[in-house]
Amino acid sequence: MKARQSPNRMDNHQKRNLTFLTIGLIFMLSGIEYAVILPTIWRYLQILEAPPYFLGLGLSAFSLSGLLTGPLFGLWSDRSKTTKSIILFSNLFEIAGNFMYFIGYSKWLLLCSRLVAGIGAGAGSSIFGFLTRSTRPEERAGIFAAIMACRQAGLLVGPAFNLFLRLCDFELGPFVVNKYTSPGIFMCLLWVLLQFVVMVMYWDVQPISSEGVAVMVEMKQEDGYEEEEAPLMGSDEEPVQTYRAVNSDELGTSASSRMQGLQSVGREFLREEVVVLLTAQFITLFNQTALETMVTPLTQRYFSFDELGNSLMYSLCGVEVILGFFFVRWLSKKVADRVVLAVGLVICCTACIWCLVFLCNPRGGYGWELSAFIIGVFLQLLGLPFVAVSQVSLFSKVTAEKTQGFSHGVRRSVGGLATILGPLWAGGLTNNLYIMLGMMLALLLMISVMTALSYERLTEPRAVQSAQSCDSGG
């Protein structure tokens, strides 16, 4: 009997690993797209005679459409319990948006291209919902860390593609391929290739709990005890869905049941621990994007960095963040998520205080100023993986499993709002670092106090924990 079951188990394990690998590729491509388009979009807009504010519009359009579509894709995955078709559908928007970017006849088409491509990014909520349903709580933080590291890897290798994309100078039918349009057609081809990868290597594998039930039922059926044991199994698990006629009374109460469902969702997002984690999501991305906006003007003003110097700096930052994610992946197996979150907030507060003291009014020679800048950026990036991974993992544990897609859609929408407001805040205050960094520190202190006051609630609900212990014991 064991010999017959092991191939099936191995197949399911392989499908799960290949699916996770495909998800990693999706996030890596999102990082590559950001890295190849960001360095060229400003000059591209200038060629199309766009005013300066179009740069902010173009960068914000991608986040805005993802912000709006994330909850919709998440709700779709919660209803259908599938993500493969959602990913294939959303990738069509990435393909279309990048092709529009490649055409680039006008500044408005370029703006619309980022808006369309951002719709495809909304499928990330469905992916995080799928990861929550198909992983065990104790391994979830590690898997989230690996997936986030894949995006950072894309940000790291993306500039390398620009080395050959900037050499493009030819015509493709009626279209001109140069260093400004080539990122669009390049990413369009990568997303097309990813479609085939998703079709071949992605499976909507069963959730961990459902898979375990299926294996146990199969074992008992092979032993010939399905008639006696099936009812006993049903008593410990969720009720089996059956199809039957619906009477008029049930139809009459369907509207009220929907209202109750909406009210329960509203209550869930107003719970103390959920508010804390959504606030952590907003502040983390707000400060990260504000830092990204601030760094380049600072290096130009104090250290006279050119494009090569900034590229080298961003590459080293990418290496640090990737190593940080893998360290958090290891650490999450040793300590609770809330401990990782607390450590990350302490590091982020320390980094912000350092920047306020040593960067706002730099003194000393070039060497000391550069050293103070490097230490400040290092500390800021060091705390990022701790906060990012822990709050996502905790959020997946304190929200209902049946609505994980929608919940992560809301979470990513909050993050999308932060990525829009962060650059707007920092962009206007690069010459007044006291106000900009002071605001960032105030936000960090606020979420630190909120985390301390809600520390006991930042854990997996006891009902879920006890149910898991019963399952493992059985």
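Look a little higher up for the structure.
A few points on the structure. (Residues numbered from 1 in each chain as written. Predicted model: local features only at pLDDT ≥ 70, side-chain atom pairs only at ≥ 80, totals over all residues. Heavy atoms only, no water.)

**Comments concerning the overall build of the chain**
Thought 1: In terms of helices and strands, the chain carries 18 helices and two strands.
Thought 2: Buried positions account for 44% of the 474 residues belonging to the chain.
Thought 3: A separation of at least 24 residues holds for 84% of the contacts in the chain among residues at least 6 apart in sequence. (Helix = DSSP H or I, 4+ residues; strand = E, 2+ residues; numbered from the N terminus. Buried < 20%, exposed > 50% of the residue type's maximum accessible area, 1.4 Å probe, protein only. Contact = heavy atoms within 4.5 Å.)

**Observations regarding unusual backbone geometry**
Thought 1: At Glu49, a position not held by glycine, the phi torsion is positive, near 60°.
Thought 2: You can see Glu49 is positioned in the loop between α1 (2–47) and α2 (53–80).
Thought 3: For Glu49, a relative accessible area of 67% corresponds to the exposed category.
Thought 4: Even without being glycine, Lys81 reaches a positive phi, approximately 60°.
Thought 5: Counting through the fold element by element, Lys81 comes out in the loop between α2 and α3 (84–103).

**Some remarks on the packing of α3 against helix α4 (residues 107–121)**
Thought 1: Their axes nearest at 7 Å, the elements α3 and α4 cross at an angle of 160°. As the angle between them shows, α3 and α4 are arranged roughly antiparallel. Relative to α4, α3 is oriented so that their crossing is left-handed. Contacts between α3 and α4 involve Ser90, Phe93, Glu94, Ala96, Gly97, Asn98, Met100, Tyr101 and Ile103 from the former and Leu109, Leu110, Cys112, Ser113, Arg114, Val116, Ala117, Ile119, Gly120 and Ala121 from the latter. (Axes fitted to C-alpha atoms, helices over the stretch in contact; angles between N-to-C directions. Parallel < 35°, antiparallel > 145°, perpendicular 65-115°, else oblique. Left-handed = near helix turned anticlockwise from the far one by under 90°.)

**Things to note about empty space enclosed by the protein**
Thought 1: For the structure shown, the criterion picks out two cavities of 30 Å³ or more.
Thought 2: Estimated volume of the largest cavity: approximately 170 Å³.
Thought 3: Secondary structure elements with two or more residues in the lining of the largest cavity: α12 (272–303), α14 (337–358), α15 (366–398) and α17 (433–453).
Thought 4: The greatest single-element share of the lining of the largest cavity, amounting to six residues, is contributed by α12.
Thought 5: In terms of residue class, the lining of the largest cavity is built from ten nonpolar, four polar and no charged.
Thought 6: Around the second largest cavity, the lining residues are Leu298, Tyr302, Phe303, Leu359, Pro362, Glu369 and Phe373.
Thought 7: Counting residues per element, the ones that place at least two in the lining of the second largest cavity are α12 and α15.
Thought 8: In terms of residue class, the lining of the second largest cavity is built from six nonpolar, no polar and one charged. (1 Å grid on protein atoms, 1.4 Å probe; cavity = no way out; pocket = protein on both sides within 12 Å on 5 of 7 lines; lining within 4 Å. Points joined across faces, edges and corners; volume = space filled by probe spheres on them. Nonpolar A, V, L, I, M, F, W, Y, C, P; charged D, E, K, R; others polar.)

**Considerations on the nonpolar core**
Thought 1: In this structure, Ile23, Leu131, Phe373, Met436 and Leu437 are the most contacted members of the largest nonpolar core, which totals 97 residues.
Thought 2: Looking at which element gives the most residues to this core, the answer is α12, with 13 residues. (Core = buried A, V, L, I, M, F, W, Y, C linked by side-chain atoms within 4.5 Å.)

**Structural notes on the environment of Leu379**
Thought 1: Relative to the helices and strands, Leu379 resides in helix α15.
Thought 2: Since its relative accessible area comes to 19%, Leu379 is described here as buried.
Thought 3: A C-alpha to C-alpha distance of 8.4 Å links Leu379 and Cys352, two positions 27 residues apart in sequence.
Thought 4: The residues contacting Leu379, other than those within four sequence positions of it, are Ile347 and Ala351.

**With respect to the pattern of salt bridges**
Thought 1: If you walk through the whole model with that rule in mind, you get eight salt bridges.
Thought 2: Here Lys397 and Asp337 are joined by a salt bridge, their closest N and O atoms 2.7 Å apart. In this pair, Lys397 sits in helix α15 while Asp337 sits in helix α14, placing the two residues 60 residues apart along the sequence. The residues Lys397 and Asp337 share a single accessibility class, namely buried.
Thought 3: Each of Arg271, Glu272, Glu273 and Arg457 takes part in a single network of salt bridges with overlapping partners. (Salt bridge = Lys/Arg side-chain N within 4 Å of Asp/Glu carboxyl O.)

**With respect to the packing of aromatic side chains**
Thought 1: Tallied over the full model, the rule gives 20 aromatic pairs.
Thought 2: Considering the side-chain rings of Tyr44 and Tyr180, the 6.5 Å spacing of their centres and the 25° angle between planes classify their relative orientation as stacked. Placement of Tyr44 in helix α1 and of Tyr180 in the loop between β2 (175–177) and α7 (182–201) is noted, with a sequence separation of 136 residues between them. The residues Tyr44 and Tyr180 share a single accessibility class, namely buried.
Thought 3: Relative to Trp330, the ring of Phe327 has its centre 5.7 Å away and its plane inclined at 35°; by these criteria the two rings are tilted. One end of the pair, Phe327, and the other, Trp330, are both in helix α13 (residues 307–331), three residues apart, so they sit about a helical turn from each other.
Thought 4: Pairwise contacts between aromatic rings join Phe73, Trp76, Phe89 and Phe93 into one cluster.
Thought 5: The side chain of Arg151 reaches across the aromatic face of Tyr34, ending 5.8 Å from its centre.
Thought 6: Against the face of Phe128 rests Arg411, its NZ or CZ located 4.9 Å from the ring centre. (Phe/Tyr/Trp six-rings, centres within 6.5 Å; stacked < 30°, edge-to-face > 60°. Lys NZ or Arg CZ within 6 Å of the ring centre and 35° of its normal.)

**Some thoughts on helix α6 (residues 137–165)**
Thought 1: Between the first and last C-alpha of α6 there are 42 Å, a value that for 29 residues agrees with the 42 Å anticipated at 1.5 Å per step.
Thought 2: Val157 marks where α6 bends most, by close to 30°; the proline Pro159 follows one to four residues later. (Expected span 1.5 Å × (residues − 1). Bend = angle between axes of the 7 residues up to and from the residue.)

**Some details on the side chain of Thr181**
Thought 1: Counting through the fold element by element, Thr181 comes out in the loop between β2 and α7.
Thought 2: Overall, Thr181 belongs to the buried group, its relative accessible area being 6%.
Thought 3: Polar side-chain contacts of Thr181 include one of 2.8 Å to the backbone oxygen of Val176.
Thought 4: With sequence-adjacent residues up to four places away left out, Thr181 is seen in contact with Tyr44, Phe102 and Val176. (Polar contact = N/O pair within 3.5 Å; in protein donor to acceptor, adjacent residues only side chain to side chain.)

**Here we look at the side chain of Thr289**
Thought 1: Looking at the secondary structure, you find Thr289 in helix α12.
Thought 2: Of note is the side chain of Thr289, whose polar atom sits 2.8 Å from the backbone oxygen of Leu285.
Thought 3: Looking at Thr289, its side chain comes within polar contact range of the main-chain oxygen of Phe286, at 3.2 Å.
Thought 4: Residues contacting Thr289, with those up to four places away along its chain left out, are Ala418, Thr419, Gly422 and Pro423.

**Describing α4**
Thought 1: The end-to-end C-alpha distance of α4 is 22 Å, a good match for the 21 Å that 15 residues give at a rise of 1.5 Å each.
Thought 2: Within the sequence span of α4, burial applies to Leu110, Leu111, Ser113, Arg114, Val116, Ala117, Gly118 and Gly120.

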